[in-house]
Every structure is written in structure tokens, then in C-alpha cells.
Amino acid sequence: MTTVKGFRKGANLGGWLSQGPLVKEHLDTFITEKDIARIASWGLDHVRLPIDYDNFENEDGTDILEGYSHIDDCIAWCKKYNLNMVLDLHKTQGYIFDDFEYSKNFFDDERLQARFYGIWHKLMKKYAEYSDMLMVELLNEVVRDDVVDKWNDIASKCIDIIRSYSSDIKILVGGVSYNAVSSVELLPDFDDRNIVYNFHCYEPQLFTHQSAYWVENMPLDFHIGYPADWDEVCRLTYDMNITPAILCIEESQKMEITSFTPAFFEKIFAPAVKTAKERGKCLYCGEYGVIDQAVPEDAVRWFKDIHFVFEKYGIGRAVWNYKGKDFGLVDEHYDDVRDELIKYL
């Protein structure tokens with residue numbers, strides 16, 4: 001399996017044009033040209049730019065030109081510093097990964113789906129010309145696990161729209177269950193050599209999301225190291241009833257995993273790697289990272305293990321997150337280990 005060219009190692013720009021305040025001061029200052037230059041200096045080859053539709057489109061569908069200007073700036077900076085870019089639609093009207101109530105109708109509401117397709121018409125009219133350095137991502141993290149066929153159908157229609165503007169731009173498609181690696185094999189076998197299978201990895205979640213205030217049932221004072229005792233992580237995950245983490249533990253137990261080493265990631269990635277190889281597709285991990293509540297040295301050990309497997313199988317990836325969002329690599333939390341950590345991105 002080959003790595004998608006130009007997208008081997010990257011960093012997410014979350015919190016700027018997505019999951020951040022829609023105010024001019026923030027949008028003008030959170031990410032600047034200096035940040036893109038710094039990312040390039042780390043030896044990375046791309047950034048992943050999450051965007052929310054309401055940064056560049058009003059509720060009635062009319063354009064917010066200033067929102068597009070920030071995307072334009074990022075493309076220009078990337079070109080200047082020889083970086084490629086993933087354009088990730090993180091939120092569309094009627095769907096966002098972290099708001100179930102807001103998103104509950106998207107997969108059955110043709111009006112919302114038409115709006116989604118319309119957004120991609122607009123984005124491709126503006127950005128198809130950058131197919132030499134741009135990869136586009138249909139939608140961030142389909143959370144539900146019961147919409148496989150519906151999502152695959154929506155994704156296929158959206159791919160057709162994108163292809164009407166560009167025959168060669170690379171398209172990232174992820175599966176259900178929060179874009180779980182186990183859902184890659186549920187994606188269609190697209191007859192398109194420029195489709196890239198996408199997944200996210202924050203396993204074991206008990207470590208990467210320790211004390212996370214947004215994770216249901218996660219104690220705000222909970223801490224655990226890495227590598228942790230396998231049996232203890234399993235017990236705590238069930239005792240706390242952290243649903244996404246339980247799904248991974250159950251899959252891992254089927255694979256007879258008993259410890260946290262590079263072999264842990266190798267085994268949980270194995271079905272996706274097999275699927276990608278059989279279908280002639282590249283594999284890409286659009287998000288992975290460790291919360292700033294973990295001991296920094298433990299985070300380095302986690303990055304080192306997952307990096308080994310990424311490199312072994314040629315899996316492209318983008319770390320979450322460059323700045324802020326409780327995961328920021330440039331934030332103070334990582335000051336003492338940043339140089340070491342960057343080696344394992």
C-alpha cells in the first residue's frame with residue numbers, strides 16, 4: 001500500500017475556521033502565515049484545514065466573502081511554503097459531529113442533503129483549480145453506526161459532484177462510528193484511483209481523552225499513563241461506561257490484544273490496511289493525538305508507537321491539533337518535549 005503523495009505527515013488547524021468563534025479578531029489572528037511557516041519547518045508536508053459552513057455561508061445560502069478569504073489565505077501560505085492542504089468540511093447545515101440533536105435528521109432529510117451538495121458545488125467552483133496541492137474531505141466524522149448505506153449513498157453522490165469539476169483531485173472518504181478505523185471496510189469499493197480511505201484514531205480513548213470535559217462519564221480528575229496495563233484499561237472503560245472507548249475495547253478483544261505497544265495499533269489497523277490494499281486505495285488518518293491532560297512524556301511514547309505503524313504501512317496522517325482545542329502542539333504543555341514529539345509525527 002502506497003502513501004498518498006504529498007500527504008504523508010501533517011497538522012490540523014482546528015479551532016480557526018471550525019470550532020472557533022465567528023469573530024473577526026479570532027479569524028484574523030488565530031492562524032497566520034507564521035504558523036504555516038513553522039509547520040513547514042517541522043518537516044511536515046501538509047495541513048488539514050477544518051471549515052464550518054457558517055464561516056463562509058449564511059443560513060439562507062448566500063456567501064460570506066470574508067470567510068472564503070481565510071481559506072484563500074491558507075492556500076496561498078501553503079503554496080509559499082511548499083505545503084499541501086486538506087480542505088475538510090467539518091460542519092454542514094444540519095450536521096456536526098458533536099451535536100446529536102442538531103444532526104439527527106441529516107441522513108433522512110433530502111433538503112439538508114441538497115444543501116450539503118450545494119456547498120460542495122461552491123467549494124469546487126472556487127478550489128478545483130488547486131488539485132495539484134489540495135485534497136478534499138467530504139464530511140468530518142459520521143457518528144452514528146446505523147447509517148452505513150445512507151452515508152455511502154450520500155458520499156457517492158457528493159463524489160460525483162466533485163468529479164464534475166475535477167477528474168484528479170484527491171477525495172477523502174471516512175466511515176461511520178466517528179470515522180473509526182473499523183468502519184473503513186464498510187465503505188464502497190469506489191472505481192476511482194483518487195479516492196483515499198480516511199479514519200481517525202484516539203485509541204485507547206481512556207488515555208488520549210483523560211479528564212476530557214466533553215466525554216460523557218469521563219471524570220474531570222481522571223489520569224492514566226501510557227503504556228497502561230491492558231486489563232486495567234479494559235476494566236476502567238467498562239466501569240466508566242465510556243461508549244466509544246468500549247467499542248474499541250470490544251474490537252481489540254476479538255483480536256486477542258493484551259497490551260499497549262506498536263502491535264496494538266498494527267492489529268486494530270489491520271482490517272483497514274487489508275481493505276485498502278485489496279482495493280488499491282491509499283489510507284489516511286485525518287486525526288490522532290493526545291489531550292493536554294496527559295503527562296507529556298507519556299504522550300511522546302504514544303506518538304512513537306503509532307508513528308511506527310503509520311510508517312510501516314505508509315499511512316498518511318495529520319496530528320490533532322497544531323494549536324489549542326486541548327491538544328495543541330505549540331501550547332505550553334508540550335514545551336519540554338516538543339522537539340522529541342515532532343520526530344514522531
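What you see is a predicted model, and the numbers here were worked out from it, not measured in a lab.

Draft legend 1. Representation of the pattern of salt bridges in the model. Counted by the stated rule, this structure contains 26 salt bridges. Taking the shortest distance from any N to any O, the salt bridge between glutamate 311 and arginine 8 comes out at 2.5 Å. Of this pair, glutamate 311 sits in helix 12 (residues 296-313) while arginine 8 sits in the segment before strand 1 (9-12); the two residues are 303 residues apart in sequence, bridging distant segments of the chain. The exposure class of glutamate 311 is partly exposed, given its relative accessible area of 31%. Residue classification places arginine 8 among the partly exposed positions, given a relative accessible area of 35%. The shortest N-O distance in the salt bridge between glutamate 57 and lysine 122 comes to 3.0 Å. Of this pair, glutamate 57 sits in the loop between strand 2 (46-52) and helix 3 (65-80) while lysine 122 sits in helix 5 (residues 110-127); the two residues are 65 residues apart in sequence, bridging distant segments of the chain. Here the salt bridges do not stand alone but share partners, grouping Arg48, Asp88, Glu137 and Glu287 into one network.

Draft legend 2. Spatial organisation of the packing of aromatic side chains. Under the definition given, this model contains 26 aromatic pairs. With 6.0 Å between their ring centres and 65° between their planes, tyrosine 202 and phenylalanine 327 make a pair best called edge-to-face. Of this pair, tyrosine 202 sits in the loop between strand 7 (195-201) and helix 8 (205-208) while phenylalanine 327 sits in the loop between strand 9 (316-319) and helix 13 (338-342), and the two are 125 residues apart along the sequence. When its relative accessible area of 12% is taken as the criterion, tyrosine 202 is described as buried. With a relative accessible area of 3%, phenylalanine 327 lands in the buried category. Feature note: the residues Phe199, Phe207, Tyr226, Trp230, Phe260, Phe264, Phe265, Phe269, Tyr288, Trp302, Phe303 and Phe310 constitute an aromatic cluster, connected by ring pairs.

Draft legend 3. How the structure looks around the packing of helix 11 (residues 262-279) against helix 12. Between helix 11 and helix 12, the shortest axis-to-axis distance is 10 Å and the interhelical angle comes to 30°. When the interaxial angle is binned, helix 11 and helix 12 end up roughly parallel. Two packed elements cross with a definite hand, and for helix 11 against helix 12 that hand is right-handed. Of the residues in helix 12, those touching helix 11 at Pro262, Phe265, Glu266, Phe269, Val273 and Lys277 are Trp302, Asp305, Ile306, Phe308, Val309, Phe310, Lys312 and Tyr313. The residue inventory of the contact of helix 11 with helix 12, partitioned by class, reads 10 nonpolar, no polar and 4 charged.

Draft legend 4. Structural context of the environment of alanine 76. Mapping alanine 76 onto the fold places it in helix 3. For alanine 76, a relative accessible area of 43% puts it in the partly exposed group. As a C-alpha pair, alanine 76 and tryptophan 151 span 75 residues in sequence and 33 Å in three-dimensional space.

Draft legend 5. Inspection of the nonpolar core at higher detail. With 122 residues, the main nonpolar core has Met85 and Phe269 as its most contacted residues. Those residues in contact with phenylalanine 269, other than ones at most four positions away along the chain, are Val181, Phe199, Cys201, Ile306, Val309, Phe310 and Ile315. With 9 residues, the next largest nonpolar core counts Phe7, Val86, Cys282 and Ala318 among its residues.

Draft legend 6. Fine view of the packing of helix 3 against helix 5. Two elements in contact, helix 3 and helix 5, have axes separated by 12 Å at closest approach and are oriented at 40°. One element, helix 3, and the other, helix 5, form an angle in the oblique class. Like other packed secondary-structure pairs, helix 3 and helix 5 cross with a definite hand, here right-handed. Residues Tyr68, Ile71, Asp72 and Ile75 of helix 3 form the contact with helix 5, whose own contacting residues are Lys122, Leu123, Lys126 and Tyr127.

Draft legend 7. Inspection of helix 5 at higher detail. An ideal rise of 1.5 Å per residue puts 26 Å on 18 residues; helix 5 measures up with 25 Å between its terminal C-alpha atoms. At its buried positions, helix 5 is contacted by strand 2, helix 3, strand 3 (84-92), strand 5 (134-137) and helix 6 (148-163). Measuring from the backbone nitrogen of arginine 111 back to the side-chain oxygen at the start of helix 5 gives 2.9 Å, which picks out aspartate 109 as the cap.

Draft legend 8. Spatial organisation of the side chain of asparagine 198. In this structure, asparagine 198 sits in strand 7. Reaching out from asparagine 198, the side chain makes a polar contact with the side chain of glutamate 137 at a distance of 3.1 Å. The residues contacting asparagine 198, other than those within four sequence positions of it, are Glu137, Leu172, Val173, Gly174, Gly175, Asn179, Val184, Tyr284, Cys285 and Gly286.

What counts as what
Residues numbered from 1 in each chain as written. Predicted model: local features only at pLDDT ≥ 70, side-chain atom pairs only at ≥ 80, totals over all residues. Heavy atoms only, no water. Salt bridge = Lys/Arg side-chain N within 4 Å of Asp/Glu carboxyl O. Helix = DSSP H or I, 4+ residues; strand = E, 2+ residues; numbered from the N terminus. Buried < 20%, exposed > 50% of the residue type's maximum accessible area, 1.4 Å probe, protein only. Phe/Tyr/Trp six-rings, centres within 6.5 Å; stacked < 30°, edge-to-face > 60°. Axes fitted to C-alpha atoms, helices over the stretch in contact; angles between N-to-C directions. Parallel < 35°, antiparallel > 145°, perpendicular 65-115°, else oblique. Left-handed = near helix turned anticlockwise from the far one by under 90°. Contact = heavy atoms within 4.5 Å. Nonpolar A, V, L, I, M, F, W, Y, C, P; charged D, E, K, R; others polar. Core = buried A, V, L, I, M, F, W, Y, C linked by side-chain atoms within 4.5 Å. Expected span 1.5 Å × (residues − 1). Polar contact = N/O pair within 3.5 Å; in protein donor to acceptor, adjacent residues only side chain to side chain.

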